[in-house]
Amino acid sequence: MKKILTVLFVAVSICAVAQTGEIKGSFDTKNFPKVSFIWNEYNPDLLESTAFRLKEDGKDVDVMAIPVIPDVIPVRDKSILFLWEDQPVRSGESSKYSSDVQTLLLKFLDKVNRNDATLDRFSFAIFNIVDNGSVFLKQFPNFTTNQDRILQGTIDEYFFSKRAIKDKKSDLLLALNEGLTLISKEPTENMRAIVVFTAGLYRYDGSMEISEIIAKSLKNRIPVYFVKLGKEDENVTYRVAKETHGQMVGISADSLFDCYEAMNTRYYGQDYQITFVSQQKRDKEWHNLTLNVGGEDNVLRYKAPKFSLFAWVKVHWILGIVFLLLTITAIVFAVIYGIKLFKYIKEKIELRKKEQDSKDAELKNLKRQIEATQRSVRDKQEVVKQKKEFFRKTEEEAELTRIMKNRNIILRLTLSNGENFTSQNAVTTIGRTEDNDLVLPNTTVSSRHATISFNGVDFEITDLGSTNGTSVNGNSIENITLRNNDLIVLGEMAMKFYV
């Protein structure tokens, strides 16, 4: 049976994350060499098939790209920044523009609230150039989920339109640059966008290129929408809106709301069924694809299925018939000569069995000799190891003893019978027998009960597995660092430690 080998690729975030176009679905190689997969292109405009070019392992291949309409488009939480151009006004004039935008926003937000979009986040900022030439970009309020409060309060107090402005031009690109930086701080799982209210006043002064704004928008996956309130320099706003995959929006709350409702679909982009005929063999190897969409290369990989005899015969059926006839002939000859071959093999097996039994006996004897030699070598190695460890400990104790003498460090013990014991040895053994440094002739004390050793800084007491145990200040111990006036009890013998 021909096996279906499918390499799954994870479909990434469809809205804000899928800006540059990404795989949505798995590679299908069940009809290999015909390979297909679903490609999601962020651009909401329908692309021509010529916009897709494909290379397989560096070689150009013909590709077919057919648009696919998805059954369901996921809805994501939105983070939208409203950029409001504070239109310059000459001294003594009123700004109906400001009032119009405020009214439009209030109507729009009222429709949003009635549709229960409570998880969407909005921010508001105004911009324009002031006397000193700096850009003014002010949030109002900071990102909030309560749309009812977005325009609460007196908006006019944030306007610079009441001040005299010498240079009657809008810092549109600079404000967009700062706005993109601001909105890019929102969570990437949210759908992020900028909506600009502008009269269209724009004068290029070389401080910011339009292409820089477009590149930053695409890099951060943030489209720009324009509510156009004027007619000047439409080429600027139209170009930014189109190339960032945004839109031009009509001057009404309904138009703005319709655009808001359609953002999910525009963020989703367009799916395409990509199909090509692979030039590779059924080698069960990974192969590289370079899919170029609109001038941008996207490196993908797929795994070819393993070789299938059924698939090979399906393509080479004449050779398949020849192969079948040869197989039948081979089976007939195998049956004819099978019995003779079986008897011959049986005789050979019996002869080899006798030879093998003899070799096994010799091998078993040799193995016993080798094991005996290995045990002897291990015993000698263990003796050498013990000697090295003894010499190492001896040298270490000698060095610690030298340190104690140089520093005039003395181990002092006051026994319960009033006797004092002192030592400048690095290791002091304590026990019942005479071979200990400190002999305690008491039946509750083990023959080698404990040691007190100097580690270069402090003294440590270690119980040597005694029968009645060792305690310090009433606590049973196996090993502990001693301090002045510690009370040591070995069996029933008590003593105090001093340095």
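Criteria and cut-off values
Residues numbered from 1 in each chain as written. Predicted model: local features only at pLDDT ≥ 70, side-chain atom pairs only at ≥ 80, totals over all residues. Heavy atoms only, no water. Helix = DSSP H or I, 4+ residues; strand = E, 2+ residues; numbered from the N terminus. Expected span 1.5 Å × (residues − 1). Buried < 20%, exposed > 50% of the residue type's maximum accessible area, 1.4 Å probe, protein only. Pairing = 2+ DSSP bridges. Salt bridge = Lys/Arg side-chain N within 4 Å of Asp/Glu carboxyl O. Phe/Tyr/Trp six-rings, centres within 6.5 Å; stacked < 30°, edge-to-face > 60°.

**Considering helix H2 (residues 172–183)**
The periodicity of an α-helix, 3.6 residues per turn, causes residues three or four places apart in sequence to face the same way.
In step 1: With 12 residues, H2 ought to run about 16 Å at 1.5 Å a step, and its terminal C-alpha atoms sit 16 Å apart, in line with that.
In step 2: Within the span of H2, buried status applies to Leu 172, Leu 173, Ala 175, Leu 176, Gly 179, Leu 180, Leu 182 and Ile 183.

**Here we look at the pairing of strand S15 (residues 411–415)**
In step 1: Here S15 shows a buried face lined by Leu 411, Leu 413 and Leu 415 and an unburied face lined by Arg 412 and Thr 414.
In step 2: Here S15 pairs with strand S16 (residues 420–423) via 4 bridges, running antiparallel. When the sheet's bridge partners are listed, Leu 411 is paired in S16 with Ser 423.
In step 3: In the sheet, S15 pairs with strand S25 (residues 493–498) via 4 bridges, with the strands oriented antiparallel. Counterpart to Leu 413 in the pairing with S25 is Phe 497.

**Side note on the pattern of salt bridges**
In step 1: According to the stated counting rule, one finds 9 salt bridges in the structure shown.
In step 2: Its salt-bridge partner being Glu 396, residue Arg 392 comes within 2.9 Å of it at the nearest N-O pair. Here Glu 396 and Arg 392 lie together in helix H7 (residues 317–406), a separation of 4 residues that amounts to about one turn.
In step 3: Residue class for Arg 392 comes out partly exposed when judged on its relative accessible area of 40%.

**Some thoughts on the packing of aromatic side chains**
In step 1: Scanning the model with the defined rule gives 17 aromatic pairs in all.
In step 2: With 6.4 Å between their ring centres and 0 degrees between their planes, Phe 333 and Tyr 337 make a pair best called stacked. In this pair, Phe 333 and Tyr 337 both sit in helix H7, 4 residues apart, roughly one turn of the helix.
In step 3: Residue Phe 333 is classed as partly exposed on the basis of its relative accessible area of 47%.
In step 4: Taken together, Phe 82, Phe 108, Phe 122, Phe 197, Phe 257 and Tyr 260 form an aromatic cluster joined through their ring pairs.

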